[in-house]
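# Chains, contacts and geometry: an overview
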Amino acid sequence: RPQGERAPRPDAARQTERPPRQERPPRPEGSPRPAGDSAAAPPRAPLDPQQQERARLLRDYESTRLSEANFCALKGLTPARLAELLAQARQEAGPAAARPPRPAGSGPRPPTRR
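We now turn to the structure provided with this report. These numbers were taken from a predicted model, which means no experiment stands behind them.

## Section: the pattern of salt bridges
Per the stated rule, a full pass over the model turns up six salt bridges. For the salt bridge of Glu 53 with Arg 56, the shortest nitrogen-to-oxygen distance reads 2.7 Å. You can see Glu 53 and its partner Arg 56 sitting in helix H2 (residues 49–63), three residues apart, about one turn around the helix. Close ionic contact of Lys 75 with Asp 60 constitutes a salt bridge, the shortest N to O distance being 3.1 Å. Taken together, the residues span a long stretch of sequence, with Lys 75 in helix H3 (residues 68–75) and Asp 60 in helix H2 at a distance of 15 residues. With a relative accessible area of 36%, Lys 75 lands in the partly exposed category. Through salt bridges with shared partners, a single network forms among Arg 59, Asp 60 and Lys 75.

Definitions and limits used
Here the residue numbering is sequential within each chain, running from 1 through the sequence in written order. Since the coordinates come from a predicted model, pLDDT governs what is reported: local features require at least 70, and pairs of side-chain atoms require 80 or more to be given and counted, while whole-chain, interface and lining totals use all residues. Side-chain measures were taken over the full set of non-hydrogen atoms in the model, leaving aside hydrogen atoms and water. When a carboxyl oxygen of Asp or Glu lies within 4 Å of a side-chain nitrogen of Lys or Arg, that pair is called a salt bridge. Helix and strand assignments follow DSSP, with helices taken as H or I runs no shorter than four residues and strands as E runs no shorter than two, numbered in order from the N terminus. Accessible area is worked out with a 1.4 Å probe on protein chains only. A residue is then buried under 20% of its type maximum, exposed over 50%, and partly exposed in between.

Below, the structure is given as structure tokens:
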């Protein structure tokens, strides 16, 4: 065998011989999707790049363990500007993201369980 060539893998023949895929019967229109279906509720993606940035800022802020002052320093924002952007992002996100704002000057947040 020339240098650089690999020997055929013993399971290579099995990879090409797959059983035929079983098709699911079509769902009646308007019927609910199964609970494990990943396409059940696609997340709303903001179209505006600035809106995407505000949504990302909100997600980062709500998941950080940094104090508000350190978070502002990291993002290059003043606390007042951060509060404005977070309020706007929460409004744009709708009721799903309606968490109460963190108290001003609060320290690191405890880790959240997922």
